[in-house]
Amino acid sequence: MKRAYNFCAGPAAIPEPVLLMARDELLNWGESGTSIMEMSHRSGEFQRIAQEAESDLRDLMYIPDNYKILFLQGGASCQFAVIPMNLLRGKTTADYVRTGIWSHKAVEQAKPFCDVNIVADTMDKGYNYIPEFSSWTLNPEAAYLHYASNETVGGVEFFWIPETGDVPIVADMSSNILSRPIDVTQYGLIYAGAQKNIGPSGITVVIVRDDLIGDALPITPIPLNYAVQAQDASLYNTPPTFAWYLTGLVFKWLKQQGGPEGIAVINERKARKVYDVIDATDFYINAVAPDCRSWMNIPFQIHDRGMDKMFISEAADNGLLNLNGFRSVGGMRVSIYNAVPEEAVDALVIFMKDFEKRHG
Ligand code: PMP
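Calculation notes
Residues numbered from 1 in each chain as written. Predicted model: local features only at pLDDT ≥ 70, side-chain atom pairs only at ≥ 80, totals over all residues. Heavy atoms only, no water. Buried < 20%, exposed > 50% of the residue type's maximum accessible area, 1.4 Å probe, protein only. Helix = DSSP H or I, 4+ residues; strand = E, 2+ residues; numbered from the N terminus. Pairing = 2+ DSSP bridges. Axes fitted to C-alpha atoms, helices over the stretch in contact; angles between N-to-C directions. Contact = heavy atoms within 4.5 Å. 1 Å grid on protein atoms, 1.4 Å probe; cavity = no way out; pocket = protein on both sides within 12 Å on 5 of 7 lines; lining within 4 Å. Points joined across faces, edges and corners; volume = space filled by probe spheres on them. Nonpolar A, V, L, I, M, F, W, Y, C, P; charged D, E, K, R; others polar. Domains from an automatic or database assignment. Patch = residues over 30% accessible without salt bridge, like charges linked within 9 Å, V, L, I, M, F, W, Y side chains within 5 Å. Areas by Shrake-Rupley, 256 points an atom, 1.4 Å probe, with all protein chains shown as cover. Salt bridge = Lys/Arg side-chain N within 4 Å of Asp/Glu carboxyl O. Core = buried A, V, L, I, M, F, W, Y, C linked by side-chain atoms within 4.5 Å. Near = heavy atom within 4 Å. Polar contact = N/O pair within 3.5 Å; in protein donor to acceptor, adjacent residues only side chain to side chain. Sits in = over half its atoms within 2 Å of the grid points.

Caption draft 1: Seen up close, the pairing of strand β10 (residues 204–209). Most of β10 is tucked away, with five of its six residues classed as buried. Pairing analysis gives six bridges linking strand β2 (residues 67–72) to β10, with the strands arranged antiparallel. Looking at the pairing, Tyr-67 lines up with Arg-209 of β10. Here strand β9 (residues 189–193) runs beside β10; their pairing, made up of five bridges, is antiparallel. Pairing of Gly-193 across the sheet is with Thr-204, part of β10.

Caption draft 2: Layout of the sheet that holds strand β5 (residues 145–148). Strand order in the open sheet formed by seven strands is β2-β10-β9-β8-β5-β3-β4, with mixed pairing between adjacent strands. Every interior strand has two partners, whereas the edge strands, β2 and β4 (115–121), have only one. The sheet shows a mean angle of 20° between the axes of neighbouring strands, taken without regard to direction. Each of β3 (93–98), β4, β5 and β8 (169–172) touches helix α4 (residues 101–110); the most contacted strand, β3, lies at about 160° to it.

Caption draft 3: Summary view of the layout of surface pockets. Empty space within the largest pocket amounts to approximately 570 Å³. Lining the largest pocket are 24 residues, and of these Arg-3, Ile-14, Glu-16, Ala-339 and Pro-341 lie nearest its centre. For the lining of the largest pocket, the elements supplying multiple residues, two or more each, are β1 (5–6), α1 (16–25), α7 (259–280) and α9 (342–359). Considering every element that reaches the lining of the largest pocket, the biggest residue donor is α1, with four residues. Of the residues belonging to the lining of the largest pocket, the class tally is 15 nonpolar, three polar and six charged. When we break the lining of the largest pocket down by domain, the ones giving at least three residues each are domain 1 (5–15 + 258–359) and domain 2 (17–256). Residue classes in the lining of the second largest pocket are distributed as 10 nonpolar, 12 polar and four charged. Composition of the lining of the second largest pocket by domain shows at least three residues from each of domain 1 (5–15 + 258–359) and domain 2 (17–256).

Caption draft 4: Structural context of the sheet that holds strand β12 (residues 297–302). Reading across from one edge, β11-β12-β14 is the order of the three strands in this open sheet, with antiparallel pairing throughout. Lying at the two open borders of the sheet, with one neighbouring strand each, are β11 (284–285) and β14 (332–335). Of the pairings in the sheet, the one linking β12 to β14 comprises four bridges and is antiparallel in character. By the bridge assignment for β14, Pro-299 is matched with Arg-333. Here α7 sits on the sheet in contact with β11, β12 and β14, set at roughly 15° to β12.

Caption draft 5: Local environment of a nonpolar patch on the surface. Together, Leu-26, Leu-27 and Met-37 give the surface a local cluster of nonpolar side chains, amounting to about 320 Å² of exposed area. Here Leu-27 lies in the loop between α1 and α2 (44–61).

Caption draft 6: Structural view of the nonpolar core. Counting residues in each nonpolar core, the largest one holds 56 residues, and the members touching the most others are Ile-177, Leu-178 and Ile-207. The dominant element in this core, judged by the number of residues it contributes, is helix α6 (residues 241–256), at nine residues. Taken together, domain 1 (5–15 + 258–359) and domain 2 (17–256) each give at least three residues to this core, which thus spans both. What Ile-207 contacts, discounting residues up to four positions off in sequence, is Met-61, Ile-63, Tyr-67, Lys-68, Ile-177, Val-184, Gly-188, Leu-189 and Ile-190. Residues Met-296, Ile-298, Phe-300 and Ile-336 belong to the second largest nonpolar core, which totals 36 residues.

Caption draft 7: A look at the site of the ligand. Taken together, Gly-75, Ala-76, Ser-77, Phe-80, Trp-102, Asn-150, Thr-152, Asp-172, Ser-174, Gln-195 and Lys-196 form the complete shell of residues around the ligand. At 3.5 Å, a side-chain N or O of Trp-102 approaches an oxygen atom of the ligand. Thr-152 is positioned with one of its side-chain polar atoms (N or O) 2.4 Å from an oxygen atom of the ligand. The protein chains hide 85% of the 400 Å² of surface that the ligand would expose on its own. In this structure the site holding the ligand corresponds to the second largest pocket. Ranked by the residues each element gives to the shell around the ligand, the list is headed by helix α3 (residues 75–87), at four residues. A per-class count over the shell around the ligand returns three nonpolar, six polar and two charged.

Take a look at the structure:
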């Protein structure tokens, strides 16, 4: 069986060794006689799987002991509301950076809970750059500052961390977590839906500094209360057990790749190969400012937009799948998360050059 090269933005490619391992263990995990899917989340076997995933993630990201790691449900979209519910801690305002569709959605969901101060905004200018930090209108009284470290639709990535003094930083890392090393201690909270760099959809990782939890708004539903889930090792209610198991396998695979340090070298090279083709001529266009071009998601168009659809369908005929842009944006988007092999990028680059030769 030949598997296609999958450039989907999410749910995205999963490392093949992980899929093979899951297949081998599907009917009978260990000596249990049952599938993981059939096992109690309170069983010793599952607790071992869960704890190992947590400690592997702690190792991979050098997460200090004063940070809790939660495995939750509801996706990153649910966190857009759950974060203000948990982190306002008696304050009434929060700072938000708006650099794309996802941080905009985070802003909209925070508004029912607090005054949202948008400290930097590129909404009216096409979401294709990050405003100079010196122009940000930070509020020292904010409960936190929220930003998306990688905008999955616009392909805008932060390669630096804002300096906010005592105001904790909250980062939506859904589409670039584990893609390169980051200093967790600079953050109050990091969150990510799993379905890009962590595993399958259905599980959301939240890494939160423990002094920030325990003062959730009274309306917070119990399973969404970070302090409760931290106390119960994310087992207050039934978690998505199979997704959790798969994320654990992905963490083990990533360790074998040298962790974020090892994979970052490959990720940078993969991205550069695609940008080099885009920049070589005027045929392909990527409008993102060079200093914040994402390593994970590369949106582009053909100068004659009439050709976009032909590109996507010819690419699919060549085994290069899911290159269509986000539904409201159109054009193309290449998502090259950790699990997309470099040979997939090489095949794409050959196809892009050939398409340009035939149609340019
Ligand atoms: N934030 C970012 C940066 C995303 O890319 C996405 C999904 N593509 C989300 C949030 C929303 O995630 P979910 O669909 O899991 O709620």
